[in-house]
Amino acid sequence: MRLAVMGAGDVGRSVADLAGEYGHTVTAFADSTGAVVDPDGVDVDAALDHKERVGSVGEDDPADALAAEYDALVEATPTTLGDAHPGFEHVRAALENDRHVVLANKGPVAERYDDLRALEADSAGEIRFEATVAGAIPALSTIDGVGAERVTAARGVLNGTANFILTRMATDGLDYEHVLAEAQDLGVAEADPTFDVEGTDAALKCAILANVIHGGGYALEDVDVEGITDVPPSALELAAEDGRTVRLIGEVTEDGARVGPRLVPENHTLAVSGTMNIVQLETEHAGRLNLSGRGAGGPETATAVLGDVNRLE
């Protein structure tokens, strides 16, 4: 399949780099300031070298990538809130031209899910977005396999940065600011960690899960959100004395969606450590399903993207 990859961050780079291993050809590759287009296949190594030297993957206009010959658009630009610009516009352009779309960008799916489905209904193209929830973990594929109408609840640890911070605070009795600085030094947390530590990233994933399970109607504003910035070491110490720990848990039930710090037993399946993620599904006939693994990372998330591409064939 011919791919147009929009976005050249960790995920976009990894998708472009790994596409050939999955039997696909990148015919267009763009970042926010430039693009490279070749109907016979972009030289991905040369494009990434160009980005290192010049700051963009190529000399063409990013709009040229959307106008190129491709079968599926991979939307891997940074997540934005509200109108989900420019990712939503990229998706609309592809669907209006009857192309498929695979999203790693959470914004359009979390904030404009109903609009996406309306566009898809009028297009010969399909949209898929496994990579938007928990990276490499096949949470959405599992829901699809079970049947969304048979999933009664979903919950889990959906943000690796917050989980790393809580794990370190609990293990070594360190305060939040100390562990955050360590996480930033290790590259686990961004220079501006707000998106992760205030629960926004996990809430976006909950909105997506709620949309899939309930058939739409959710955006970020519909998720009750509390982050981890006010969790003191003393709370973790008291929890440990009772054989419990604290995790930032996202949850979707028939009553809605919420994210916040929760007490869980230390040996509970939700008490994953470090940057690991877990998604737990409650189902009508299959009981409880637990899916855990790496919820972020370029190659990890790219496997979810390329898995979606394979399912389109």
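Residues numbered from 1 in each chain as written. Predicted model: local features only at pLDDT ≥ 70, side-chain atom pairs only at ≥ 80, totals over all residues. Heavy atoms only, no water.

Enquirer: For a negative patch on the surface, give the residues involved together with the corresponding values.
Expert: A surface patch of negative charge is lined by D10, E190, D192 and E198. Summarising the element assignment, D192 is placed in the loop between α9 (176-186) and α10 (194-197). (Patch = residues over 30% accessible without salt bridge, like charges linked within 9 Å, V, L, I, M, F, W, Y side chains within 5 Å. Areas by Shrake-Rupley, 256 points an atom, 1.4 Å probe, with all protein chains shown as cover. Salt bridge = Lys/Arg side-chain N within 4 Å of Asp/Glu carboxyl O. Lys, Arg positive; Asp, Glu negative; His and termini not counted. Charge placed at Lys NZ, Arg CZ, Asp CG, Glu CD. Helix = DSSP H or I, 4+ residues; strand = E, 2+ residues; numbered from the N terminus.)

Enquirer: Account for the layout of surface pockets, with residues named and values stated.
Expert: Here the largest pocket defines a volume of roughly 1,400 Å³. What lines the largest pocket is a set of 50 residues, and nearest its centre among them are D10, V11, P78, K106 and E190. Every element with two or more residues in the lining of the largest pocket is listed here: α1 (10-18), α3 (62-66), α8 (160-172), α10, α11 (200-214) and α13 (298-312). Within this model, the second largest pocket holds a volume of roughly 340 Å³. Forming the boundary of the second largest pocket are 16 residues, of which R117, R128, F129, L140 and D144 lie nearest the centre. Breaking the lining of the second largest pocket down by element, the ones donating at least two residues are α6 (113-121), β6 (127-128), α7 (139-146) and α13. For the lining of the second largest pocket, the element with the most residues is α7, which contributes four residues. (1 Å grid on protein atoms, 1.4 Å probe; cavity = no way out; pocket = protein on both sides within 12 Å on 5 of 7 lines; lining within 4 Å. Points joined across faces, edges and corners; volume = space filled by probe spheres on them.)

Enquirer: I'd like a rundown of the side chain of E75, residues and numbers included.
Expert: Here E75 is to be found in strand β4 (residues 72-75). K106 provides the closest opposite charge to the buried, unpaired E75, separated from it by 10 Å. A polar side-chain atom of E75 sits 2.8 Å from a polar atom in the side chain of T77. The residues contacting E75, other than those within four sequence positions of it, are M6, G87, H90, V91, V102, L103, A104 and N105. (Buried < 20%, exposed > 50% of the residue type's maximum accessible area, 1.4 Å probe, protein only. Polar contact = N/O pair within 3.5 Å; in protein donor to acceptor, adjacent residues only side chain to side chain. Contact = heavy atoms within 4.5 Å.)

Enquirer: Account for the nonpolar core, with residues named and values stated.
Expert: With 69 residues, the main nonpolar core has F129, I165 and I228 as its most contacted residues. Those residues in contact with I165 that lie beyond four places of it in its chain are Y176, V179, L180, A183, V197 and I228. Ranked by size, the runner-up nonpolar core spans 27 residues in total, among them V5, F29, V57 and A76. (Core = buried A, V, L, I, M, F, W, Y, C linked by side-chain atoms within 4.5 Å.)

Enquirer: An account of the sheet that holds strand β12 (residues 287-294) is requested, with residue identities and associated values reported.
Expert: Across the sheet, which stays open at both edges, the six strands sit in the order β8-β10-β9-β7-β11-β12 with mixed pairing between neighbours. Bordering the open sheet on either side are β8 (223-225) and β12, each of which pairs with just one other strand. For this sheet the average axis-to-axis angle between neighbouring strands, irrespective of direction, equals 25 degrees. The sheet contacts of α11 involve β7 (151-157), β8, β9 (244-253) and β10 (256-265), and relative to β9 the element is tilted by about 40 degrees. Helix α12 (residues 233-241) rests against β9 and β10 of the sheet, and its axis sits at about 95 degrees to β9. (Pairing = 2+ DSSP bridges. Axes fitted to C-alpha atoms, helices over the stretch in contact; angles between N-to-C directions.)

Enquirer: Just give me the short version of the packing of α8 against α9, but keep the residues and values in it.
Expert: Contact geometry for α8 and α9: axes closest at 9 Å, N-to-C directions at 125 degrees. Overall, the two elements α8 and α9 adopt an arrangement that is oblique. Here α8 and α9 pass one another in a crossing that is right-handed. When α8 is examined against α9, the residues F164, I165, R168 and M169 are found in contact with a partner set consisting of Y176, V179, L180, E182, A183 and L186. Per-class residue counts for the contact of α8 with α9 are eight nonpolar, no polar and two charged. (Parallel < 35°, antiparallel > 145°, perpendicular 65-115°, else oblique. Left-handed = near helix turned anticlockwise from the far one by under 90°. Nonpolar A, V, L, I, M, F, W, Y, C, P; charged D, E, K, R; others polar.)

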